[in-house]
Structures are given as structure tokens and as C-alpha cells.
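Here are the chains, one letter per residue:
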Amino acid sequence: MNVLGRKPVLELLQSDRPVKRVTIVLGTQGRIIGEIIKAAKAKNVRVDRIPAERAGQVIGPGNHQGVMAEVSPVKFHTLNDLNDTIPITHGLIIALDGVTDPHHLGAIARSALAAGCDALLLQERRGALPNDTALKASAGTMLRLPVIVETNLSRAIELLKKDGWWVHGATGAEGSSLWDHNWDEMTLLVIGSEGEGISPRVLSFCDHQVRIPMAAEVESLSASAAASVILFDIARKRGLDG
């Protein structure tokens, strides 16, 4: 859902509703615009600025006053919420690196919750964020899975490593076979994009790499299918019994 207009956007940012991003048309000024930017920064909400000629395409018609906010269907958390508002009960977090399709995001969230994930870690700008499409693809389960959104994914992973998490990256031909792979008590599983896989920077923080054995004629699985296979391997080896 989109909220248009200066006062409505400011009121939204000052409420408890989760906001995905704020879009401001370049050249839009005034006291309320300053308050909107300040409120967005306080809530760790992304602010995009677009040229005036793109306002109709991005924001659409209507009296938007040069400002639009996109309301997220789920609440966004930060790493600071771990062990506080996000309890660690299974020692399992899944991070997505460059997964841009909201359908895959929703499907992964559904599998993650079913397999006992404590949280889903996303990057603010390089990948899909929860929206109505992702929520529908998750069959509503995304409302129950804590979603952590950070500006810099590699930095977030580095901080988790320092906090005792071991990073396992899902790769193609590299890494140990999933069937023989051992999972750590505190596991952070990284799933990359279908086209490029895990980015080199994020891959450099992986302690282990794991691959899914497949028949020779099958090159790869979709990100959501691969995530599901790996997540339930973790659940099986840990003896998850719902």
C-alpha cells in the first residue's frame, strides 16, 4: 500500500506501522520534508529521491505533494533485536544475497518458518523486500517470521560471525555434498541469486560451502527450491519433529 502527501507520510513514519521506503521528488522542500527525512532516518527507512519527470511513473497520479511512502506488510527488525525481541530458539538464520523475485522471497520465508528458522536476513537495496506479492507467496507465514533488514549484508554477516554464528554458503559446483554436510549449532545459511549466486564479498565471509547433489543434466534449482531442500536437511539432521 502507498501513502501519498506530506502530512500523511509524516504521520505514518511517526506511527508504529512498518514502512518499506519513502520516495521524494527532487526539488521538494519545506519544513515537513525535513521532518519526514529525519523520521525516516530514525526508523532506518530507506529514502529514494527521483527526478520530477519520473514522478508520474513512480508515484502515479494524484496530489502526492512530491512524497510517497510504501507501507510494508511486515515489521522490519535490525540485528540489535536478536536475543531481545527476536529469541534464538533453533540457532538458524537464513540470509538472502541478491534474490530479487518477491515470489521466491515469499516461498523461502514459508520454508524457513516450517524448518525452524529464527529469522530471515535481507539487504535493504540488493534484493526483494517484503511486499504484498511476497506475503501472498508465503501463504501469510511471513507475518510470523522475524525479518531483519540491514543496509550492508556482508557487514551484518561479519557481526554475526563475531557473535558466534557460523556461515554456510549454498553454492553450485563447489562445497561439500549436502548429504554429508555438518551443520553448526549456530548456523547462518546464505542463499544467493539464481543467476550470479552468492556475491564474492559475502562469499568471503562463509566458513563453509555446501552444494546440492543433482543429476548431470540439471544445472541448478531455483533459489526457493534450493533453500527448501537445504533447510529441511538441517531440520532432519537436527531431529526436528513438529
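Residues numbered from 1 in each chain as written. Predicted model: local features only at pLDDT ≥ 70, side-chain atom pairs only at ≥ 80, totals over all residues. Heavy atoms only, no water.

Q: Looking at this structure, how should I read the overall build of the protein chain?
A: Regarding its fold elements, the protein chain presents eight helices and 12 strands. For 242 residues, the compact-globule formula gives about 18 Å, and the C-alpha radius of gyration of the protein chain, at 19 Å, lands near that figure. Principal-axis analysis of the C-alpha atoms places the extent of the protein chain at approximately 60 × 40 × 30 Å. Expressed as a percentage of its 242 residues, the buried residues of the protein chain come to 50%. Restricting to contacts in the protein chain with at least 6 residues of sequence separation, those with at least 24 account for 82%. Roughly 12100 Å² of accessible area belongs to the protein chain as shown, and the carbon and sulfur atoms make up 49% of that amount. Between the averaged position of the 26 positive side-chain charges in the protein chain and that of its 27 negative side-chain charges there is a distance of 8 Å. (Helix = DSSP H or I, 4+ residues; strand = E, 2+ residues; numbered from the N terminus. Rg over C-alpha atoms; globule rule 2.2 N^0.38 Å. Buried < 20%, exposed > 50% of the residue type's maximum accessible area, 1.4 Å probe, protein only. Contact = heavy atoms within 4.5 Å. Areas by Shrake-Rupley, 256 points an atom, 1.4 Å probe, with all protein chains shown as cover. Lys, Arg positive; Asp, Glu negative; His and termini not counted. Charge placed at Lys NZ, Arg CZ, Asp CG, Glu CD.)

Q: Just to check I follow, could you spell out the pairing of strand 8 (residues 147–150) for this structure?
A: Residues of strand 8 alternate between two faces, with Val147 and Val149 on one and Ile148 and Glu150 on the opposite face, all of them buried. Note: strand 5 (residues 76–77) against strand 8, two bridges, orientation parallel. Following the sheet pairing, His77 is matched in strand 8 by Ile148. Two elements, strand 7 (residues 119–123) and strand 8, share four bridges in a ladder whose sense is parallel. Note on strand 8: the bridge partner recorded for Leu120 is Val147. (Pairing = 2+ DSSP bridges.)

Q: Would you mind showing me how to read unusual backbone geometry here?
A: Most of the time, phi is negative for any residue but glycine, and the peptide bond is trans. Of note, the phi angle at Asn44 is positive, near 60°, even though the residue is not glycine. Tracing the sequence through the fold places Asn44 in the loop between helix 2 (31–42) and strand 3 (46–50). A residue is classified by how much of its surface remains accessible, and Asn44, at 41% relative accessible area, is partly exposed. Even without being a glycine, Ala139 presents a positive backbone phi close to 55°. Counting through the fold element by element, Ala139 comes out in the loop between helix 5 (132–137) and strand 8.

Q: Just checking my understanding: could you explain the nonpolar core for this structure?
A: Side chains that are nonpolar tend, in soluble globular proteins, to be buried together. Ranked by internal contacts, the top residues of the largest apolar core, which has 35 residues, are Ile94, Leu96, Leu120, Ile191 and Ile230. When contributions to this core are tallied by element, the ones reaching two or more residues are strand 6 (92–97), helix 4 (102–114), strand 7, helix 5, strand 8, strand 11 (187–192) and helix 8 (223–237). Element by element, the count of residues in this core is highest for helix 8, at seven residues. If we skip the residues at most four places from it in the chain, Leu120 touches Ile94, Leu96, Leu105, Ala109, Leu145, Pro146, Val147 and Ile148. If you look at the next biggest cluster of nonpolar residues, it comprises 20 residues, including Leu79, Ala95, Ile148 and Ile157. (Core = buried A, V, L, I, M, F, W, Y, C linked by side-chain atoms within 4.5 Å.)

Q: Honestly, the sheet that holds strand 2 (residues 19–25) in this entry has me stumped. Any pointers?
A: The strands making up a sheet associate through backbone hydrogen bonding, with each pair oriented either parallel or antiparallel. Strand order across the open sheet formed by four strands is 1-4-2-3, with mixed pairing between neighbours. The two strands at the open ends of the sheet, each matched to only one other strand, are strand 1 (2–4) and strand 3. Averaged over all pairs of adjacent strands, the angle between their axes in this sheet comes to 20°, without regard to strand direction. Relative to strand 4 (residues 67–71), strand 2 runs antiparallel, the two sharing five bridges. (Axes fitted to C-alpha atoms, helices over the stretch in contact; angles between N-to-C directions.)

Q: Would you mind showing me how to read a nonpolar patch on the surface here?
A: Nonpolar side chains collect at one region of the surface, where Trp179, Met214, Val218, Leu221 and Val229 lie side by side and expose about 410 Å² of accessible area between them. Examined against the element boundaries, Val218 turns out to sit in the loop between strand 12 (208–211) and helix 8. (Patch = residues over 30% accessible without salt bridge, like charges linked within 9 Å, V, L, I, M, F, W, Y side chains within 5 Å. Salt bridge = Lys/Arg side-chain N within 4 Å of Asp/Glu carboxyl O.)

Q: Help me understand the state of the cysteines in this model?
A: What is meant by a disulfide is a covalent connection between two cysteines, made through their sulfur atoms. Applying the stated rule across the entire model yields zero disulfides. Here Cys117 stays unpaired: no disulfide links it, and the sulfur of Cys206, its closest cysteine neighbor, is 15 Å away. Residue Cys206 is classed as buried on the basis of its relative accessible area, which comes to 15%. (Disulfide = S-S within 2.5 Å.)

Q: Which parts of the structure should I look at to understand the environment of Gly5?
A: Considering the arrangement of structural elements, one finds Gly5 in the loop between strand 1 and helix 1 (6–13). Judged by relative accessible area, which is 3%, Gly5 ranks as buried. Gly5 sits 184 residues away from Leu189 along the chain, and the two C-alpha atoms are 40 Å apart. Those residues within four positions of Gly5 in sequence are excluded, and the remaining contacts are Asn63, His64, Gln65 and Val67.

Q: It is not clear to me how the environment of Glu35 should be interpreted in this structure. Could you clarify?
A: Within the secondary structure, Glu35 sits in helix 2. With a relative accessible area of 28%, Glu35 lands in the partly exposed category. For the pair Glu35 and Pro213, spaced 178 residues apart in the sequence, the C-alpha separation amounts to 53 Å.

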